[in-house]
Amino acid sequence: MNKQETSKLIAMIMEEYPKAFNISNAKSLECKVNLWQRVFADDDFTEAVQAFEMFLANDIKGFPPVPGQLKYYIAQKVMKDTLTEQEAWDLVRSAISRGLYHSREEYEKLPEEVRKSVGGSGNIQAWANLDTYMLDGDIRRDFMRRYRQEVDRTAMLVKLPIEARQELLPKMERTLLDNGSIDKKSPDVAETTNRGMN
């Protein structure tokens, strides 16, 4: 949103909640517009208005929204098409069924968050060699954990302004690498397989 659109959004909120806004001068209003504009800089005006409308429809307290509440509604809309863990695993299982000879092709068909959780086409191929017990046990559980983390991370990032997102993303990747949640390479299938056999 640009500054003019942000001003329109704030005007809509002020119109609906006139008593809640105590802006005594133009400088205070300008400050609020500038702050909100930075928060909503990479959001679409129409989505922000829809978020405000959703807020209004659910408001039972009578207080105006803060930017984070509207960002929450925008994120919900963006994330509504996210697959459940089981739906994501079903896609992976389907890819694994053809993965022995077509792992790269099957891997590329997967949605981005699912691909990130799989780790690479090599895992599709390696998992195609495993028995059903191992596949539907440790591999499934580990995949769903990684997928849940990826979805949670994406949901959190969607709410952030683009500048904060660009600054935070490398730090998050470094933290995940440091604590072992992700690996630069694909997850070690042999390690998972050996753990399941013990």
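Predicted model only: the values in this text are computed from it and were never measured.

**Some points on the overall build of the protein**
Next up, step 1: Broken down by element type, the protein carries eleven helices and zero strands.
Next up, step 2: Listed N to C, the secondary structure of the protein is α-α-α-α-α-α-α-α-α-α-α in terms of helices and strands.
Next up, step 3: Residues counted as buried form 33% of the 198 residues belonging to the protein.
Next up, step 4: Considering only intrachain contacts with a sequence separation of at least 6, the fraction spanning at least 24 residues in the protein is 69%.

**Overview of the environment of F40**
Next up, step 1: Mapped onto the elements of the fold, F40 is located in the loop between α2 (26-39) and α3 (45-58).
Next up, step 2: Residue class for F40 comes out buried when judged on its relative accessible area of 0%.
Next up, step 3: Counting along the chain gives 31 residues from F40 to K71, while the straight-line C-alpha distance between them is 8.1 Å.
Next up, step 4: Once you skip the residues sitting within four places of it in the chain, F40 turns out to touch M1, P67, L70, K71 and I74.

**Here's the deal with the environment of F55**
Next up, step 1: Within the secondary structure, F55 sits in helix α3.
Next up, step 2: Sequence-distant contacts of F55, that is, excluding residues within four places in its chain, are made with Y17, F63, P64, P65, Q69, L70 and Y73.

**What to know about the packing of aromatic side chains**
Pairs of aromatic rings are described using the distance from one ring centre to the other and the angle between the two planes.
Next up, step 1: As enumerated under the stated definition, the model contains four aromatic pairs in all.
Next up, step 2: Plain terms: the ring middles of W36 and F40 are 5.8 Å apart, the flat faces sit at 35° to each other, and that makes the pair tilted. This pair shows no difference in class: W36 is buried, exactly as F40 is.
Next up, step 3: Among the aromatic residues, those joined into a ring-pair cluster are W89, F143 and Y147.
Next up, step 4: Above the ring of F45, the side-chain terminus of K8 is found at 5.9 Å from the ring centroid.

**Thoughts on the nonpolar core**
Next up, step 1: W89, V92, V114, V118, I124, W127 and F143 are the most contacted members of the largest nonpolar core, which totals 22 residues.
Next up, step 2: Secondary-structure elements contributing two or more residues to this core are α4 (67-79), α5 (85-97), α7 (112-118), α8 (121-128) and α9 (132-159).
Next up, step 3: Of all the elements, α9 adds the most residues to this core, at eight residues.
Next up, step 4: Beyond its immediate chain neighbours, meaning those up to four positions away, F143 contacts E85, A88, W89, V92, V114, S117 and V118.
Next up, step 5: Judged by nonpolar contacts, the second largest core, of 19 residues, contains F40, F45, A51 and I74.

**Some words on the confidence of the model for the protein**
Next up, step 1: Mean pLDDT for the protein: 84, with 86% of residues reaching 70 or above.
Next up, step 2: For the protein, helix α11 (residues 189-197) is the element with the lowest average pLDDT, namely 37, and α5 is the one with the highest, namely 96.
Next up, step 3: When the criterion is pLDDT under 50, residues 180-198 qualifies, and its contacts beyond four places in sequence or with other chains add up to 29 contacts.

**A few points about the pattern of salt bridges**
Next up, step 1: Applying the stated criterion across every chain yields a total of 14 salt bridges.
Next up, step 2: Between E85 and R148 there is a salt bridge, with its nearest N and O atoms 2.7 Å apart. In this pair, E85 sits in helix α5 while R148 sits in helix α9, placing the two residues 63 residues apart along the sequence.
Next up, step 3: Among the residues examined, R148 registers a relative accessible area of 37% and is labelled partly exposed.
Next up, step 4: Here D142 ties to R141 by a salt bridge, and the two come within 3.5 Å at their closest N and O atoms.
Next up, step 5: Residues joined in a network through salt bridges with shared partners are R98, E105, E106 and K109.

Definitions and cut-offs
- Throughout, residues of each chain are indexed from 1 in the direction in which the sequence is written.
- At least 70 in pLDDT is required for a residue's local features to be given in this predicted model, at least 80 for side-chain atom pairs to be given and counted, and no such filter applies to totals for whole chains, interfaces and linings, which use all residues.
- The basis for every side-chain value is the complete set of heavy atoms in the structure, and neither hydrogens nor water enter the calculation.
- Where helices and strands are cited, they refer to DSSP runs of H or I of at least four residues and of E of at least two residues respectively, numbered from the N terminus.
- Working definition: with a 1.4 Å probe on protein chains only, accessible area under 20% of the residue-type maximum means buried, over 50% means exposed, and in between means partly exposed.
- By the convention used here, residues are in contact when the closest approach between their heavy atoms is within 4.5 Å.
- Ring pairs are drawn from Phe, Tyr and Trp, using the six-membered ring of Trp, whenever the two centres fall within 6.5 Å, and their geometry is named by plane angle: stacked under 30 degrees, edge-to-face over 60, tilted for the rest.
- To sit over a ring, a charge needs its Lys NZ or Arg CZ within 6 Å of the ring centre and within 35 degrees of the ring normal.
- The criterion is simple. A nonpolar core is a set of buried Ala, Val, Leu, Ile, Met, Phe, Trp, Tyr and Cys residues joined through side-chain atoms within 4.5 Å.
- Per-residue confidence from the predictor is given as pLDDT, running between 0 and 100.
- Between Lys or Arg on one side and Asp or Glu on the other, a salt bridge is scored when a side-chain nitrogen of the former is within 4 Å of a carboxyl oxygen of the latter.

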